[in-house]
Protein chains: 2
Amino acid sequence: MVRPAHTARSTRTREALRRAAVLRFLAQGVEATSAEQIAADAGVTLRTFYRHFTSKHELLFADYDAGLHWFRRALAARPADEPIVESVRVAIFAFPYDVEAITQIAALRAEALDPGRIVAHMRRVEADFAAAVAERLGLRAGVEPGRSLAVTVTARCIAAAVFGAMEFWMLGADRSLAELARLCHAALSAVEDGAVAGPFRHY
Amino acid sequence: MVRPAHTARSTRTREALRRAAVLRFLAQGVEATSAEQIAADAGVTLRTFYRHFTSKHELLFADYDAGLHWFRRALAARPADEPIVESVRVAIFAFPYDVEAITQIAALRAEALDPGRIVAHMRRVEADFAAAVAERLGLRAGVEPGRSLAVTVTARCIAAAVFGAMEFWMLGADRSLAELARLCHAALSAVEDGAVAGPFRHY
DNA sequence: TCGGGTTATGTCAATATTGTCGAAACTAGG
DNA sequence: CCTAGTTTCGACAATATTGACATAACCCGA
């Protein structure tokens with residue numbers, strides 16, 4: 001199947017669908033909202049809905065994708081001679097967190113999806129994150145994407161640090177942004193300093 | 001919904017379903033096989049099929065799950081005072097690779113799933129792999145699962161090494177097991193020696 | 001062996017997703 | 001404005017998945 005993603009028209013319908021979905025979700029809950037309702041609200045067919053979104057639940061992760069897009073651009077904007085870990089750190093800390101919106105969507109996700117599914121999507125985001133880092137790192141080191149084991153592994157480890165910190169943060173009691181920042185910083189430093197396996201070298 | 005996963009009976013039906021599915025897939029292709037056919041062949045209802053497998057495609061990853069199970073046990077069998085990276089290395093290299101079967105299933109996957117989906121499943125396996133390592137590592141270091149940022153990040157980095165190597169291997173020309181072993185070894189060593197970000201510390 | 005509680009299935013009926021094919025809307029050139 | 005080439009949509013029709021509730025199969029202790 002061909003997914004629309006080009007013209008102004010398709011952007012309009014996609015937006016209409018997204019808006020209609022959020023309204024319904026907030027008003028009557030995710031479960032109680034059918035894909036058909038969303039499509040009808042947006043004035044299109046059910047089939048068209050599925051041309052724009054892989055699934056009903058995908059709508060609940062639009063913010064993740066937007067964040068990823070933002071991150072990719074932030075990374076590209078960093079100076080080419082800056083250490084990659086530092087670039088990642090700066091980009092992450094500069095993210096314009098909208099705690100209100102994040103919390104709201106997170107509540108919807110928690111309502112509609114079992115933990116496993118949320119984690120699964122998180123993994124997808126992590127992988128895309130790693131890909132973005134690898135792309136940038138490869139560009140700097142002068143190698144083609146996917147052509148260097150070192151680049152691949154390093155990018156994945158950086159992603160592992162960031163998302164590991166995020167997971168750790170979500171499990172903990174202190175959910176403040178400051179705590180998240182602290183954890184990310186610590187995890188990234190560990191990777192940067194090569195201290196990852198260090199403390200556990202003898203376990 | 002409650003998923004069966006306990007008694008001998010459920011194991012029997014699950015096996016029957018898996019076997020029926022593989023036969024059909026091999027005989028007439030994945031696309032041309034309906035979930036209903038598989039269920040009928042196994043002598044159960046369609047609904048029961050979905051109680052044992054999340055989706056039709058999940059059957060194409062049964063070998064991954066089996067491998068994961070094998071790995072978890074292999075890891076548990078290693079001495080508690082062995083460095084975790086070494087344990088992982090030994091466990092991976094000891095895996096009883098059945099190249100025939102692996103190739104066959106891989107072909108089915110390639111036929112039925114677009115690359116994105118395959119990668120997505122791979123990520124799930126990687127996350128489970130990381131969880132297994134974290135569990136073992138936490139046990140050795142004497143911390144609760146998910147209670148130590150260092151354990152979380154280290155486990156994820158080890159997983160990143162192994163699966164990064166795997167991805168790299170799949171993209172390369174030399175698909176021999178020896179090459180895969182070499183790549184895994186190199187990637188794990190990099191993590192172990194803290195050389196992950198090292199070479200890129202100035203990029 | 002006989003309950004009783006637990007677990008796995010069957011039944012039935014919504015939704016959710018996807019393939020196919022033709023029509024409508026949009027774009028660039030004349 | 002009109003035409004040809006694209007791209008998005010609508011209309012249908014299979015499957016694929018999931019929820020809810022009733023049954024049958026199993027397991028354990030009296």
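This is a predicted model, so every value here is computed, not measured.

Examining the protein's contact with DNA strand D
Turning to step 1, where the next piece is worked out: The immediate surroundings of DNA strand D are formed by 25 residues, with Thr13, Thr48 and Arg51 of chain A together with Arg47 and Tyr50 of chain B found nearest.
Turning to step 2, where the next piece is worked out: Expressed as a percentage, the sugar and phosphate content of the atoms of DNA strand D within 4 Å of the protein is 65%.
Turning to step 3, where the next piece is worked out: The contact in question runs from a phosphate oxygen of DNA strand D to an N or O atom on the backbone of Ala5 of chain A, over 3.3 Å.
Turning to step 4, where the next piece is worked out: In the model, a phosphate oxygen of DNA strand D is placed 3.0 Å from a nitrogen or oxygen of the Lys56 of chain B side chain.

Some words on the packing of aromatic side chains
Residue and element names in this part refer to chain A.
Turning to step 1, where the next piece is worked out: Tallied over the full model, the rule gives 14 aromatic pairs over all chains.
Turning to step 2, where the next piece is worked out: Note on Phe49 and Tyr50: the rings are 5.0 Å apart at their centroids and 80 degrees apart in plane angle, and the pair reads as edge-to-face.
Turning to step 3, where the next piece is worked out: Given a relative accessible area of 31%, Tyr50 falls into the partly exposed group.
Turning to step 4, where the next piece is worked out: Pairing Phe95 with Tyr97 gives two aromatic rings, centres 4.9 Å apart and planes at 65 degrees, and the pair type is edge-to-face.
Turning to step 5, where the next piece is worked out: The ring of Phe53 carries Arg14 above its face, with NZ or CZ at 5.8 Å from the centroid.

Concerning the domain arrangement of chain A
Residue and element names in this part refer to chain A.
Turning to step 1, where the next piece is worked out: Domain annotation of chain A identifies domain 1 (8-53) and domain 2 (60-195).
Turning to step 2, where the next piece is worked out: Placing a centre on the C-alpha atoms of domain 1 and another on those of domain 2 gives a separation of 29 Å.
Turning to step 3, where the next piece is worked out: Listed per partner, the contact involves 6 residues of domain 1 and 6 residues of domain 2.
Turning to step 4, where the next piece is worked out: Between domain 1 and domain 2 the total buried area reaches about 520 Å² when both faces are included, carbon and sulfur atoms providing 77% of it.
Turning to step 5, where the next piece is worked out: One can count 0 salt bridges joining domain 1 with domain 2.
Turning to step 6, where the next piece is worked out: Scanning the region where domain 1 abuts domain 2 turns up 1 residue pair in polar contact (both at pLDDT 80 or more).
Turning to step 7, where the next piece is worked out: Across the side of domain 1 that touches domain 2, the residue classes break down as 3 nonpolar, 1 polar and 2 charged.

Reading the values: the criteria
- Residues numbered from 1 in each chain as written.
- Chains lettered and ligands numbered in written order.
- Predicted model: local features only at pLDDT ≥ 70, side-chain atom pairs only at ≥ 80, totals over all residues.
- Heavy atoms only, no water.
- Near = heavy atom within 4 Å.
- Polar contact = N/O pair within 3.5 Å; in protein donor to acceptor, adjacent residues only side chain to side chain.
- Phe/Tyr/Trp six-rings, centres within 6.5 Å; stacked < 30°, edge-to-face > 60°.
- Buried < 20%, exposed > 50% of the residue type's maximum accessible area, 1.4 Å probe, protein only.
- Lys NZ or Arg CZ within 6 Å of the ring centre and 35° of its normal.
- Domains from an automatic or database assignment.
- Contact = heavy atoms within 4.5 Å.
- Buried area = accessible area lost by both parts, 1.4 Å probe.
- Salt bridge = Lys/Arg side-chain N within 4 Å of Asp/Glu carboxyl O.
- Nonpolar A, V, L, I, M, F, W, Y, C, P; charged D, E, K, R; others polar.

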